Amino acid sequence: VGALRWLDRADAARPNHRATQLQRAYSLLLGGASREGWAAFEHRPLPTPDTGARPWHGEPLDGSSVLVTAEQGVGDQFQFVRFVEHLVARGAGRVLVECHIDCVSLLTASGLDAVARGAPPVTDFHVPMLSLPHRLGLHDDVAGWRVPYLRTLHPPSREPRRSEARRLGLVWAGNPSFTGRLTRDLDSSLLQEIVDIPGIEWTSLQLGNAGDVSVHGLARAPLTASWLSTADRLASLDGLVTTDTGIAHLAGAMGIPTWVLLQRVPDWRWGLDGETTPWYPSVRLVRQAKSGDWTGVVDSLRQALLVARA
């Protein structure tokens, strides 16, 4: 509420300023999806394909083709691709989903008509993926009931268990090219405390150099850059513990039990309080009580996992 008052003052001093409106969107959406929040979110830079397609703003589709244009990171795509089926229900003849190239096989396996970003086909209309809730008029409906909506084509692998322990994946760092990861990444010195939580077999699903740490009892899964490969691995586990990065949205969209470790002031989609999220029914949120307190997060995670086992 206090932030919105300051934004009102900024609006009065400089009406319709894009940065102010975008900050209003984040402040509103932090409190939950809403008509006003999605409308203000339209002030972000919007992708526009160079195909001559008309922007779609909710008009009748009557069999027209629609390109859903990719934007932002893979986690955003996993989160918002749930809304694509609404376009079919609105009368689209064909809906193509533009995405990162390493997501194409996963979205295709999930029944979507996916194309790699960068060379979009010609369509009648286009709509930015993160604009779908606004332009569909969904307001506070985040379609959590649609979960699971991402899946793998392969049945879960039946690797022999070493014990009766639960098998959980572990991810502690995000994309190194994303500056926001500096406050989202878990302090890797705390990994041993997590892996020492009893009754769990841990497997690292961490890609890249961040995964080059020595933690006793932490197995390492053979992964590729393909998100379908990651989905296959997730489907073979009992759950996932991760920081706020793309795999959190993949696991949530697959309906896999997931514990997301969050910084004190998280990204807007997780809200400011509570252990659950309407976006993903299978996800539990483990929050910092104060900025930078990852030790407290690990303590809370330990209690949550022990309770879940009971």
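Thresholds, definitions, all that
Residues numbered from 1 in each chain as written. Predicted model: local features only at pLDDT ≥ 70, side-chain atom pairs only at ≥ 80, totals over all residues. Heavy atoms only, no water. Helix = DSSP H or I, 4+ residues; strand = E, 2+ residues; numbered from the N terminus. Buried < 20%, exposed > 50% of the residue type's maximum accessible area, 1.4 Å probe, protein only. Polar contact = N/O pair within 3.5 Å; in protein donor to acceptor, adjacent residues only side chain to side chain. Contact = heavy atoms within 4.5 Å. Pairing = 2+ DSSP bridges. Right-handed = clockwise from strand over helix to strand, strands pointing away. Axes fitted to C-alpha atoms, helices over the stretch in contact; angles between N-to-C directions. Parallel < 35°, antiparallel > 145°, perpendicular 65-115°, else oblique. Left-handed = near helix turned anticlockwise from the far one by under 90°. Nonpolar A, V, L, I, M, F, W, Y, C, P; charged D, E, K, R; others polar. Core = buried A, V, L, I, M, F, W, Y, C linked by side-chain atoms within 4.5 Å.

> Teacher, can you tell me more about unusual backbone geometry here?
The bulk of non-glycine residues show a negative phi, and the bulk of peptide bonds are trans. Going from Val147 to Pro148, the amide bond is cis rather than trans, its omega being 0°. Considering the arrangement of structural elements, one finds Pro148 in the loop between helix H7 (132-135) and strand E6 (166-171). Even without being a glycine, Asn16 presents a positive backbone phi close to 60°. Within the secondary structure, Asn16 sits in the loop between helix H1 (2-13) and helix H2 (18-30). Residue Asp62 is not a glycine yet carries a positive backbone phi of 50°. Here Asp62 shows up in the loop between strand E1 (54-55) and strand E2 (65-69). The exposure class of Asp62 is exposed, given its relative accessible area of 70%.

> Would you explain the side chain of Asp244 in this entry?
Relative to the elements of secondary structure, Asp244 occurs in the loop between strand E9 (239-243) and helix H11 (246-254). A polar contact is formed between the side chain of Asp244 and the side chain of Trp270, at a distance of 3.1 Å. Once residues within four sequence positions are removed from consideration, Asp244 is found in contact with Arg184, His249, Val260, Leu261, Leu262, Asp267 and Trp270.

> How should the sheet that holds E2 be read in this particular structure?
In sheet architecture, strand pairing relies on hydrogen bonds along the backbone and comes in two forms, parallel and antiparallel. Strand order in the open sheet made by the 5 strands is E1-E5-E2-E3-E4, with parallel pairing throughout. Strands with a single pairing partner mark the edges of an open sheet, and in this sheet they are E1 and strand E4 (113-116). Strand direction decides the pairing type here: E2 and strand E5 (residues 125-128), joined by 4 bridges, are parallel. For Thr69, the partnering residue across the bridge sits in E5 and is Pro128.

> For this particular structure, what's the right way to read the pairing of E4?
Walk down a regular strand and you will see the side chains alternate between the two sheet faces. The sheet contact formed by strand E3 (residues 94-99) and E4 spans 4 bridges and is parallel. Across the sheet, residue Leu96 finds its bridge partner in E4, namely Asp113. With helix H6 (residues 104-109) bridging E3 and its parallel neighbour E4, the resulting β-α-β unit is right-handed.

> Could you clarify how one ought to interpret the sheet that holds strand E7 (residues 200-204) in this entry?
As summarised here, the arrangement of the 6 strands in space is E8-E7-E6-E9-E10-E11, forming an open sheet in which the pairing is parallel. The sheet is open, and its two borders are formed by strand E8 (218-220) and strand E11 (283-287), each paired with just one other strand. Mean inter-strand twist for the sheet, computed between neighbouring axes without regard to direction, equals 25°. Where E6 lies against E7, 5 bridges are found, and the strand directions are parallel. When the sheet's bridge partners are listed, Gly169 is paired in E7 with Thr203. Seen against the sheet, helix H12 (residues 294-309) touches E6, E7, E9, strand E10 (258-262) and E11 and runs at an angle of roughly 165° to E10.

> Help me out: how do you make sense of the packing of helix H10 (residues 227-235) against H11 in this one?
When two helices pack together, you describe them by how their axes are tilted relative to each other and by the distance separating the axes. Relative orientation of the contacting elements H10 and H11 amounts to 60°, with a least axis distance of 11 Å. Accordingly, the angle class assigned to the pair H10 and H11 is oblique. Crossing handedness for the pair H10 and H11: right-handed. Counting all contacts with H10, which are made through Trp227, Thr230, Ala231, Leu234 and Ala235, the residues of H11 involved are Gly246, Ile247, Leu250, Ala251 and Met254. By residue class, the composition of the contact of H10 with H11 is 8 nonpolar, 2 polar and no charged.

> How should I be thinking about the nonpolar core in this particular structure?
Nonpolar side chains tend toward joint burial in soluble globular proteins. Within the largest apolar cluster, 65 residues are counted, with the highest numbers of intra-cluster contacts made by Leu87, Leu150, Leu205, Leu234 and Leu250. The residues contacting Leu150, other than those within four sequence positions of it, are Phe78, Val81, Leu106, Leu107, Ser110, Leu250, Ala253 and Met254. Judged by nonpolar contacts, the second largest core, of 23 residues, contains Trp172, Ala173, Trp259 and Val286.

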